[in-house]
Amino acid sequence: MEYVLETNNLEKKYKDLKVLNHTNIHIEAGAIYGLIGKNGAGKTTLIRIICGLQKPTNGSYTIYGVNNNSNITNIRKRIGAIIETPSIYGEMTARDNLIEQYQLVGMPNFDGIDDLLKLVGLSNTGNKKAKNFSLGMKQRLGIAIALAGSPDFLILDEPINGLDPQGIIEIRELILKLNKEKRITILISSHYLDELSKIATHYGFLDNGSIIKEISSKELMKRMEHKLILKVNNPKEFVKYFEEHNITYEVMDSKTINIYGKYNLSKFINELSKKNLIADEIHEQEESLENYYMNLIGGSKND
């Protein structure tokens, strides 16, 4: 397995405040990795460390196999990033902004700028200054600037914040195009879980500075189809039964077990009762990414 990014017990402290706590993340080459967490969970701090804007207090990370404690400067050139808001010169046109960025990253010429403007849908902006762009246009220009230097790992911190529905669709289509056609691995931090579920191939759930779950979209879709929520007093006996019958389950806390998949409820209860496994409560629920996340962080302290 080739990881574009891998962290090992990464920590970041500010005096007595621990923002990252033994954070372990694994991003495969070619993935669109959705980083999910509430405000203050440590998402932006993690991104700033990866981009070299901050140093970790403890732990380490590798980018394309190169450790941060070695000479990582050259390998970091393979990263393009937008952190919080795009860095745009408002008095300049889209083209002039890209010329400025090309010079900053040391590109030998400006030959790729027209293609880059076309890629992000800004070919026809002409002499229009960036300060007069819509928010969606500014975001697409920011992505174009991040792509100067032809990185193959793109990091986007809340890329659709404040956008209208059309702007969200444009960013979504651009991200999918960059991933599928340009083969760029993408890390996205976002609060918009419904939108993230339309594009992500993998997810990492960050809570209180720790990654509490990593899961592929394929595996998550299996779990999101349907689930049974069991309230029990003897979870070990239930888990033993589920293991023996290859039932996909997750222990959420000392009395709650989730069962994933579709079951005939009356038949399922009857089969459990034959083994003297009696649940205090059983609820059926259609799962969503938001529900999965909320249940996950609600039970993370007991995992």
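So, here's what we can say about the structure.

Scoring rules and cut-offs
- Residues numbered from 1 in each chain as written.
- Predicted model: local features only at pLDDT ≥ 70, side-chain atom pairs only at ≥ 80, totals over all residues.
- Heavy atoms only, no water.
- Pairing = 2+ DSSP bridges.
- Helix = DSSP H or I, 4+ residues; strand = E, 2+ residues; numbered from the N terminus.
- Axes fitted to C-alpha atoms, helices over the stretch in contact; angles between N-to-C directions.
- Contact = heavy atoms within 4.5 Å.
- Buried < 20%, exposed > 50% of the residue type's maximum accessible area, 1.4 Å probe, protein only.
- Right-handed = clockwise from strand over helix to strand, strands pointing away.

### Looking at the sheet that holds strand β12 (residues 227-231)
Backbone hydrogen bonds hold the strands of a sheet together, and the pairing may be parallel or antiparallel. Ordered in space as β13-β14-β12-β15, the four strands form an open sheet in which the pairing is antiparallel. Each having just a single partner strand, β13 (249-253) and β15 (281-285) make up the two edges of the open sheet. On average, each strand axis in the sheet is inclined to that of its neighbour by 20°, with strand direction left out of account. Both β12 and strand β14 (residues 256-260) contribute to a ladder of five bridges, which runs antiparallel. Within β14, the residue paired with K227 across the bridge is Y260. Packed onto the sheet, helix α9 (residues 235-244) meets β12, β13 and β14 and runs at close to 15° relative to β14. Sitting on the sheet, helix α10 (residues 265-274) touches β12, β14 and β15, and the angle it makes with β12 is about 40°.

### What to know about the pairing of strand β9 (residues 185-189)
When you tally the buried positions in β9, you get five out of five residues, the bulk of the element. Side chains T185, L187 and S189 of β9 all project onto a buried face; the interleaved residues I186 and I188 project onto the opposite face, where all are buried too. In this sheet, β9 lies alongside strand β4 (residues 32-36) in parallel orientation, the contact comprising four bridges. From the neighbouring strand, G34 faces β9, where its bridge partner is I188. Bridging between strand β8 (residues 153-157) and β9 involves five bridges; their strand directions are parallel. Each bridged residue has a counterpart across the sheet, and for L156 the counterpart in β9 is I188. Taking the sense of rotation as the criterion, the β-α-β connection linking β8, helix α6 (residues 165-180) and β9 turns out right-handed.

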